[in-house]
Amino acid sequence: MAHLNLWRWVVLAGAAVYFLVPLAASVIFTVDVPGEGVSFDAYGEIVGADGFLPGVVLSLELGAATIAVVLLLMVPAMVALRLGAPRLRPVVEVICSLPLVVPPIAFVAGISTVLKWGPEHLSRTPLFQTLVAIQNPDFPVVLVLAYVVMALPFVHRALDAGLRAIDVRTLVEAARSCGASPVQALVAAVLPNLRGALLNASFLTLALVLGEFTVAQLLGFQPFAVWIYSVGGSQAQLSVAVSVLSLLVTWALLLALAGLGGRSRTAAAKG
């Protein structure tokens, strides 16, 4: 037993070194100004930096839209699979896992090819205006569609774990026996018991959107991750400072999510 505890601490120490040393080096780089000593000017310049707020706002808007779309698609589908078509679950799992094996470059190449069909083949049809609208730089819907596909593996895993922990069929049948419609049964009986899974799926999707670079860069848009890259060449300390803060915020959200998940499980157990 003592041997296992020793190895546990060794693994934890190795993980701490792996994660904390690069973070500490990044913090030192942002505050160490040659010839001036320690300075926190890089952090003070973040909010006023050109393009920072638009990039953050755009990424948050894209994240909120992606979360809404992917949950509206996946929650009813996962519940329906568990209730009426359990044999199709392996098929859906494989389909939802495909974004993990498709390289982002190939994914973007496919999206770009489809978008080029507009001027070449659809210029005289109503679909041309649709293709133009989804590429609006103020809110590129095409990025939302791409992020929904990229988030499928994470959302599927989170929801599947949540659904495995509850008896969906009993909850739905109890709600239906009380006169609830299928939609009411889903909203009133199933979703409250999936609070932890929904939080996990939402957080993973938001983290994906905030950190995604390849698709947005190659399609010519500038959300938060692309903005960090664009300022890195001329303002290295600023870009690293923003990256450090975004990482700390992500960790804080993860801890808050873990706390909310723990409270929901405790409340469910008491109930």
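What comes next concerns the included structure. (Residues numbered from 1 in each chain as written. Predicted model: local features only at pLDDT ≥ 70, side-chain atom pairs only at ≥ 80, totals over all residues. Heavy atoms only, no water.)

**A closer look at the packing of aromatic side chains**
For clarity, the cut-off: For Phe, Tyr and Trp, rings pair up if their centres lie within 6.5 Å, where Trp contributes its six-membered ring, and each pair is then called stacked (planes under 30 degrees apart), edge-to-face (over 60) or tilted (otherwise). Throughout this description, buried means an accessible area under 20% of the type-specific maximum (1.4 Å probe, protein chains only), exposed means over 50%, and partly exposed covers the range between.
Summed over all chains, the structure comprises four aromatic pairs. Note on Tyr 18 and Phe 19: the rings are 5.2 Å apart at their centroids and 90° apart in plane angle, and the pair reads as edge-to-face. Residue class for Tyr 18 comes out exposed when judged on its relative accessible area of 62%. Taken together, Phe 52, Phe 224 and Trp 227 form an aromatic cluster joined through their ring pairs.

**Here's the deal with the environment of Val 149**
What counts is decided by this rule: By the criteria applied, helices consist of DSSP H or I runs no shorter than four residues and strands consist of E runs no shorter than two, each listed in order from the N terminus. Contacts are residue-level and defined by heavy atoms, with any inter-residue pair within 4.5 Å sufficient.
Tracing the backbone shows Val 149 in helix α7 (residues 141–164). For Val 149, a relative accessible area of 33% translates into the label partly exposed. The sequence separation of Val 149 and Val 101 amounts to 48 residues, and the corresponding C-alpha distance is 12 Å. Excluding anything up to four places from it in sequence, Val 149 contacts Pro 99 and Phe 107.

**Looking at the side chain of Thr 30**
How we decide: Polar contact is the term for a pair of N or O atoms within 3.5 Å; when the atoms are in protein, one must be able to donate a hydrogen and the other to accept it, and sequence-neighboring residues count only if both atoms are side-chain atoms.
Looking at the secondary structure, you find Thr 30 in helix α1 (residues 2–31). Owing to a relative accessible area of 1%, Thr 30 belongs among the buried residues under this scheme. A polar contact of 2.6 Å, which involves the side chain of Thr 30, links it to the backbone oxygen of Val 27. Other than its neighbours up to four places away in sequence, Thr 30 contacts Ser 39, Ala 42, Tyr 43, Gln 237, Val 240 and Ala 241.

**A short note on the packing of helix α3 (residues 52–84) against α7**
Our working rule: Whenever a helix is involved, its axis is fitted only over the stretch in contact; in every case the axis is a line through C-alpha atoms, and angles between N-to-C directions fall within 0 to 180 degrees. An angle counts as roughly parallel when it lies under 35 degrees, as roughly antiparallel when it exceeds 145, as roughly perpendicular when it falls between 65 and 115, and as oblique in every other case. Left-handed describes a crossing in which the near helix is turned anticlockwise from the far one by less than a right angle; the clockwise case is right-handed. Gly is placed with the polar residues, together with every amino acid not listed as nonpolar (Ala, Val, Leu, Ile, Met, Phe, Trp, Tyr, Cys and Pro) or charged (Asp, Glu, Lys and Arg).
The contact between α3 and α7 brings their axes to 8 Å, and the two run at 45°. Between α3 and α7, the crossing angle belongs to the class labelled oblique. The handedness of the crossing between α3 and α7 is right-handed. In this structure, α3 contributes Leu 62, Ala 65, Thr 66, Val 69, Val 70, Leu 71, Leu 73, Met 74, Val 75, Met 78, Val 79 and Arg 82 to the contact, and α7 contributes Leu 143, Val 144, Tyr 147, Val 148, Leu 152, Val 155, His 156, Leu 159, Asp 160, Leu 163 and Arg 164. Taken together, the residues of the contact of α3 with α7 break down into 18 nonpolar, two polar and three charged.

**Let's talk about the side chain of Ser 202**
Position of Ser 202 relative to the elements: it lies in helix α10 (residues 195–211). Judged by its relative accessible area of 19%, Ser 202 falls in the buried class. With sequence-adjacent residues up to four places away left out, Ser 202 is seen in contact with Ile 67 and Leu 71.

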